[in-house]
Amino acid sequence: MCQNIVSRSEIVGSFLRPEALKVARDAYQKGEISLSDLKKIEDQTITELVAKQKDVGLTYVSDGEFRRSYWHLDFFWGLNGVEHTVKEQGYLFHGEETRPDSAWLVDQIRYNPNHPVFEEFTFLTQLVDAKHIRQSIPAPAQLYAELVREDNAAKIDRYYADHEALYEDIIQAYRETILQLYALGCRHLKLDDCTWGFFVDTSYAEILNLDQSALDALQQVYLRLNNGAIADLPEDLIVTTHVCRGNYHSTWAMAGGYEPVGNTLLANEHVDAFFLEFDDERAGDFEPLRFLPEGKKVVLGLVTSKSGELEEKESIISRIHEASQYVPLEQIYLSPQCGFASTEEGNILTEEAQWQKIQLINDITETVWGQTSK
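Now for a quick tour of the structure. (Residues numbered from 1 in each chain as written. Predicted model: local features only at pLDDT ≥ 70, side-chain atom pairs only at ≥ 80, totals over all residues. Heavy atoms only, no water.)

## Examining the pairing of strand S9 (residues 297–303)
Inference 1: Of all seven residues in S9, seven are buried, a share of seventy percent or more.
Inference 2: The pairing of strand S8 (residues 273–277) with S9 spans five bridges and is parallel. Looking at S9, one finds that Phe274 is bridged to Val298.
Inference 3: Relative to strand S10 (residues 332–336), S9 runs parallel, the two sharing five bridges. Each residue of the ladder has a partner; that of Gly301, found in S10, is Ser335. (Buried < 20%, exposed > 50% of the residue type's maximum accessible area, 1.4 Å probe, protein only. Helix = DSSP H or I, 4+ residues; strand = E, 2+ residues; numbered from the N terminus. Pairing = 2+ DSSP bridges.)

## Some points on the pattern of salt bridges
Side-chain pairs of opposite charge can arise where the charged atoms are in close proximity.
Inference 1: Within this structure, the stated rule accounts for 25 salt bridges.
Inference 2: Here Arg110 makes a salt bridge to Asp169, at a shortest N to O gap of 2.8 Å. One end of the pair, Arg110, is in strand S4 (residues 101–110); the other, Asp169, is in helix H7 (residues 163–183), with 59 residues separating them in the sequence.
Inference 3: Taking the relative accessible area as the measure of exposure, Asp169 reaches 16% and is therefore buried.
Inference 4: A salt bridge links Glu277 to Arg282; its shortest N-O distance comes to 3.4 Å. Residue Glu277 shares its accessibility class with Arg282, and that shared class is buried.
Inference 5: Bridged by salt links that share partners, the residues Arg25, Glu42, Asp43, Arg67, Arg99, Asp101, Glu344 and Glu345 form one connected network. (Salt bridge = Lys/Arg side-chain N within 4 Å of Asp/Glu carboxyl O.)

See below:
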């Protein structure tokens, strides 16, 4: 297996959309430019983004998710059997509501050999060696959570006699997608996953009227989906996961420490590293890191992507050493708590502040470990 699983200085993946891309996407939606015209702007802005990521010394780069509107829904819509739908209400965040897009079933779920994620990846290989690309996709558990969301769940009964068959189809569609990415050269894959936030925030259990037994059973479903999709993959394919509590226009959706999911997610999800949100009190303390198996790597999301205010370097260093009480320092890495633009709206900070955050992470890792890229 490739030993360089993560680098000391990391990113989660999404970046603020440049103004030129925002203008082009708006023009395309209004029918003022063609899809081909839009793709040219996407290609140009992604090329510039990759150059910038190289300039600041990042080991693993992304396309900023510039071809997506959402970090997760665009991927779901690319699977056969899943379709875009619009609900009466969007996701409810702290003080804000998202656009009301969603995904539901129109058939049984199947792998799509023409999934847009393959174009995302192959374009990046023209700009950087494939081994330096970390491709992000939403976790299988996230797809299941979307399909059972509110009235979406009624669609499942049309195509599946029981959820067991649905689980297997999700796993199979993901496995085939991942293996095709591997065939294209992908060696670093990250599963983005907000589903675990439902278990750490007690208000969600009350809203969904689930008792502890039902919550425990649902955790096992999520774990089964995620582990099933990444089981028996090629040994040189690194799989990581990023877990957060919602990231939309600098707002959040859930709050609570990792303790309720420690013995499931942290102890038993078969990924090579965890990217974990730890930028404020909503994430709780570091004690749940004790659940991580020996040798497991953790990327601490201590620098917030939700605001442009720059953290105090010494404060972040202090928190890294606090976390090292539970995980050896050599197994700890550093990143923003989430992407800078999980949706095309982006968080409320400037592009300049975005890059200052990344430079701060570089400076901190140089101080703590004497390196930024290993």
